[in-house]
Amino acid sequence: MIGMLVDRFYAAVRRDEVLGPVFEKRIQDWDDHLKKLRSFWSSVVLMTGSYKGRPMPVHLAIEEISKEHFARWLDLFGKTALAVCPPAAASLFIDRAARIAESLQMGISLHRGDNSVLNKPREHAAQTSE
């Protein structure tokens, strides 16, 4: 289920007019990136510990990232989770995605010294799952 969610979600991201260019500018090997993301979500949801990366520095380096990017990411993720997963699993994935987005937004905002990426991800995630 994690593999299907990650694959479908990032296929949608790549087609998205807002998110697609941000990812395409940075990802050269999509197979490797998807493998890393499956490992990430496995660690987040199943606590496998298989992911050893550091998402914050990667996101800090994306100069154009904004609250609109996070809102769009959460919207697409929520829709994909609801389409792929049983309701309880979708809810869990959506909750974790909102927490991750909130953490990344706060870290980026602190790094930049402004509020240009701050959103209310949990509120957005709750709307997506309704």
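How each quantity is defined
Residues numbered from 1 in each chain as written. Predicted model: local features only at pLDDT ≥ 70, side-chain atom pairs only at ≥ 80, totals over all residues. Heavy atoms only, no water. Phe/Tyr/Trp six-rings, centres within 6.5 Å; stacked < 30°, edge-to-face > 60°. Helix = DSSP H or I, 4+ residues; strand = E, 2+ residues; numbered from the N terminus. Buried < 20%, exposed > 50% of the residue type's maximum accessible area, 1.4 Å probe, protein only. Expected span 1.5 Å × (residues − 1). Axes fitted to C-alpha atoms, helices over the stretch in contact; angles between N-to-C directions. Parallel < 35°, antiparallel > 145°, perpendicular 65-115°, else oblique. Contact = heavy atoms within 4.5 Å. pLDDT = per-residue confidence, 0-100. Left-handed = near helix turned anticlockwise from the far one by under 90°. Nonpolar A, V, L, I, M, F, W, Y, C, P; charged D, E, K, R; others polar. Polar contact = N/O pair within 3.5 Å; in protein donor to acceptor, adjacent residues only side chain to side chain.

As a further point, take the packing of aromatic side chains. Throughout the structure, instances matching the rule amount to 11 aromatic pairs. Aromatic side chains tyrosine 10 and tryptophan 30 sit 6.4 Å apart centroid to centroid with 45° between the ring planes, which places their arrangement in the tilted category. In this pair, tyrosine 10 is assigned in helix H1 (residues 2-15) and tryptophan 30 in helix H3 (residues 30-46), connecting sequence segments 20 residues apart. Counting every residue linked through ring pairs, the aromatic cluster contains Phe9, Tyr10, Phe23, Trp30, Phe40, Trp41, Tyr51, Trp73, Phe77 and Phe93.

With a phi angle near 55°, methionine 47 is a residue other than glycine that sits in the positive phi range. Note on placement: methionine 47 falls in the loop between H3 and helix H4 (55-60). Given the relative accessible area of 68%, methionine 47 is considered exposed.

Further remarks concern helix H5 (residues 67-84). Its 18 residues place the ends of H5 25 Å apart at the C-alpha level, agreeing with the 26 Å of an ideal helix rising 1.5 Å per residue. Buried within H5 are the following residues: His69, Phe70, Trp73, Leu74, Asp75, Leu76, Phe77, Gly78, Thr80, Ala81 and Val84.

Quick look at the packing of H3 against helix H6 (residues 87-112) now. Closest axis-to-axis distance for the H3/H6 pair is 11 Å, and the angle between their directions is 105°. Between H3 and H6, the angle falls in the class roughly perpendicular. Seen from H3, the contacting residues are Phe40, Trp41, Val44 and Val45; seen from H6, they are Leu92, Phe93, Arg96, Ala97 and Ile100.

Right, let's get into the confidence of the model for the protein chain. Of the residues in the protein chain, 91% have a pLDDT of 70 or more, and the chain-wide mean is 90. Per-element confidence in the protein chain is highest for H1, whose mean pLDDT is 98, and lowest for helix H7 (residues 121-129), whose mean pLDDT is 47. Counting interchain partners and residues more than four positions distant, the pLDDT-below-50 stretch residues 121-130 has 20 contacts.

Closest axis-to-axis distance for the H5/H6 pair is 9 Å, and the angle between their directions is 165°. In terms of their interaxial angle, H5 and H6 are classed as roughly antiparallel. For the element pair H5 and H6, the recorded crossing hand is right-handed. Contact residues: Phe70, Trp73, Leu74, Phe77, Gly78, Ala81 and Leu82 in H5; Ala90, Phe93, Ile94, Ala97, Ala98, Ala101, Leu104, Gln105 and Ile108 in H6. Grouping the constituent residues of the contact of H5 with H6 by class yields 14 nonpolar, two polar and no charged.

Relative to the elements of secondary structure, aspartate 16 occurs in the loop between H1 and helix H2 (20-24). Relative accessible area serves as the criterion here: at 4%, aspartate 16 is assigned to the buried category. A distance of 2.9 Å separates the side chain of aspartate 16 from the backbone nitrogen of valine 18, its partner in a polar contact. There is a polar contact of 2.7 Å between the side chain of aspartate 16 and the side chain of arginine 72.

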